[in-house]
Amino acid sequence: MFKKLMLLNIVLLLPMLVWHASAQQDNATVLESEKGFFRLSYESQLDPIVINQMHSWTLHIDNANGMDVTDAEISVGGGMPQHNHGLATAPSIMAIGNGNYHLQGLRFHMMGHWELELNIASGGVEDKVVVILDL
Amino acid sequence: MKLSFLFSYSRTFPAIGLLLLVGLLSWLFLAYKPPAAWAENELRLIASLSLSTLQPLPLDPSNRASADPVAQELGHALFFDVRLSANNQVSCASCHKPELRFTDGLDKAKAIGQSRRNTPSIVGLAYSPWLYWDGRRDSLWAQALSPLEDPQEQASNRMYIARFVTQDPEYRGMYQSIFGEVPDFSDHSRFPEHAGPGLKTAWYEAWEAMSREDQQLVNTTFANVGKAIAAYERLLVPAPAKFDDYAAALLDDQKTPGNIFSNDEIKGLRLFIGEGRCMECHNGPLFTNFEFHNTGIISYPGDLPDRGRVDGLREVRSNPFNCQSIYSDRDPEKCLELIHAREGVELIGALKTPSLRNLSGTAPYMHKGQIKTLEETLAHYNEAPFAMIGHNETEEPLGLLSFELRQLEAFLKTLQAPLEIEQRWLQAPQ
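Computed from a prediction, not measured in an experiment: that's the story for all the values here.

(A) Quick peek at the sheet that holds strand β6 (residues 92–97) of chain A. All names here are of chain A. The 5 strands are arranged β1-β2-β3-β7-β6 in an open sheet whose pairing can be described as antiparallel. The open sheet terminates on both sides in strands that have one partner only, identified here as β1 (30–32) and β6. Direction aside, neighbouring strands of the sheet carry axes that sit 25 degrees apart on average. Across 3 bridges, β1 lies against strand β2 (residues 38–44) in antiparallel orientation. Bridged to L31 within β2 is L40.

Laid out in structure tokens, this is it:
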């Protein structure tokens, strides 16, 4: 009986989960900065992102006109606001050309809601992108 | 007056009795009502804890001998060899006792002297980017070198050990097979009997009198001793426990968990992944994130509060045998854990999350054995006391009821399993 109910649950929930995951994916990979100066997309070396594993991301930054931003100064911060703590590591960022950046040294050490803050400065303006991750 | 007292007494007494009965029944109901079915997100969390999701142990790029079978044999012999200590009585196994899951049952380790902290188990540690409670080493091999020279532990010195291992008739051949050339330490004017930096005056002076090249040759040999011991320690990984059987049956549609878990164990697991908030740190198949947290553990009697990771981070960065050192086999630019280690006030008094697998055999608990039983450990997290230094990350008391703490404890005891390894590795080589 329990097994059947479980199966029913899974059958009913699966389409919702798939929809939810794809919606999250869209939101997460192309993001507009808070004041609209930049657009950021990212690709993680780990797909899906799992906890407790050191990995890197490739970021791409466009300006509002859709041009590559090649000279951005980016600082990384964030953490788990609900647990009042920061990132488990101190990641670094390096420009690799064509508006791409290598974000190295990420490791998330808990499951749950993470916010990765990227402060981007270029062309005399500063703006922030917050990447939300639910691990 | 008397009559009215009797009157009120006769009315109050049954009322109190009734109240007690209702209380008892509701407590029994809460404690013994059958557990509810698992929700989808709970199943996902349970799967993430199952040992079946543990990745095969990756090679350690800082140790080219990490998977060498001869290094495993040599490391096994060295692990149990008391001749690596100053008094010929202490080996790694004196504190990391195989019969106690590679711990010693003491608050703080006792070797030639007494150590600062509690002996952690080695089982599964090969997965950890950091060694020691404060993470002051970044590989198993670099860790293995410290006790050899620690005056409170084996109290020897690197010159003596490098010569001993490379000259011993039994070890010399194995060393050569693993690391190639065996160094020649026969010239006693260049290589004294005892020498090592930061040790007792005579040994330190002897070390300072050596040339830089000779020091490096000794250090390389000493590091190789650690690399062999690490190759052996990498064999010590946990085996599936009752929890893993339960998880496997639960997550497999073809099987049923049946009676693998009692109701208390099921409820304990639910608390573990939910209200108990244990998974914030004790996550993944080894039940640890190998990170550093301040959980308000009280100081050991007579000791100042432990600064933990703040000191550990400083030490690992300057350790001459770290991942970026010339004795490591890894490209220094790829030592990502070391390069990206975080700093900050959160790390004051923070110590490494231990695995919860095989807890029952490894009491006392915490970095100085301050807490003697699982029951007291759970009570500690339930209370979340203020930290003596830094800030207790757990913030708020859990507020779990006593029967819930019992259930959590029942669950934790399902993580017990003997190592799946040939018996010969768990004793000194014959």
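(B) Layout of the interface of chain B and chain A. The interface of chain B with chain A comprises 21 residues on the first partner and 25 residues on the second. Among the elements that make up the side of chain B that touches chain A, the one with the highest residue count is helix α13 (residues 336–339) of chain B (3 residues). Of the residues assigned to the side of chain B that touches chain A, the class counts are 6 nonpolar, 6 polar and 9 charged.

(C) Summary view of the packing of helix α3 (residues 69–79) of chain B against helix α9 (residues 212–233) of chain B. Residues and elements named next belong to chain B. One way to put it is that α3 packs onto α9 with a least axis distance of 7 Å and a crossing angle of 100 degrees. What the angle tells us is that α3 and α9 run roughly perpendicular. Residues A71, Q72, L74, G75, H76, L78 and F79 of α3 form the contact with α9, whose own contacting residues are V225, K227, A228, I229, A230, A231, Y232 and E233. Split by residue class, the contact of α3 with α9 holds 10 nonpolar, 3 polar and 2 charged.

(D) Structural detail: the pairing of strand β7 (residues 100–106) of chain A. Residues and elements named next belong to chain A. Taken together, the 6 bridges between strand β3 (residues 55–63) and β7 define a ladder with antiparallel strand orientation. Its bridge partner lying in β7, T58 is registered against H102. Of the strand pairs in this sheet, β6 and β7 are connected by 5 bridges, and their pairing is antiparallel. Bridging across to β7, S92 finds its partner in Q104. Between β6 and β7, which follow one another and run antiparallel, lie 2 residues, and N98 among them has a positive phi close to 55 degrees.

What counts and what doesn't
- Residue indices follow the written sequence of each chain, beginning from 1 at its first position.
- Chain letters start at A and ligand numbers start at 1, both assigned in the order the entries are written.
- Per-residue local features are limited, in this predicted model, to residues with pLDDT of at least 70; the limit for side-chain atom pairs, both in listing and counting, is 80 or more; totals at the level of whole chains, interfaces and linings are taken over all residues.
- At least two DSSP bridges between two strands are required for those strands to pair.
- To qualify as a helix, a DSSP run of H or I must reach at least 4 residues; to qualify as a strand, a run of E must reach at least 2; elements of each kind are numbered from the N terminus.
- Here the axes come from fitting lines to C-alpha atoms, over the contacting stretch only for helices, and the angles between their N-to-C directions go from 0 to 180 degrees.
- Two residues form a contact once the distance between their C-beta atoms, set from the backbone, is within 7 Å.
- In this classification, the charged set is Asp, Glu, Lys and Arg, the nonpolar set is Ala, Val, Leu, Ile, Met, Phe, Trp, Tyr, Cys and Pro, and all remaining amino acids, among them Gly, are polar.
- Here the word oblique covers every angle except those under 35 degrees (roughly parallel), over 145 (roughly antiparallel) and from 65 to 115 (roughly perpendicular).

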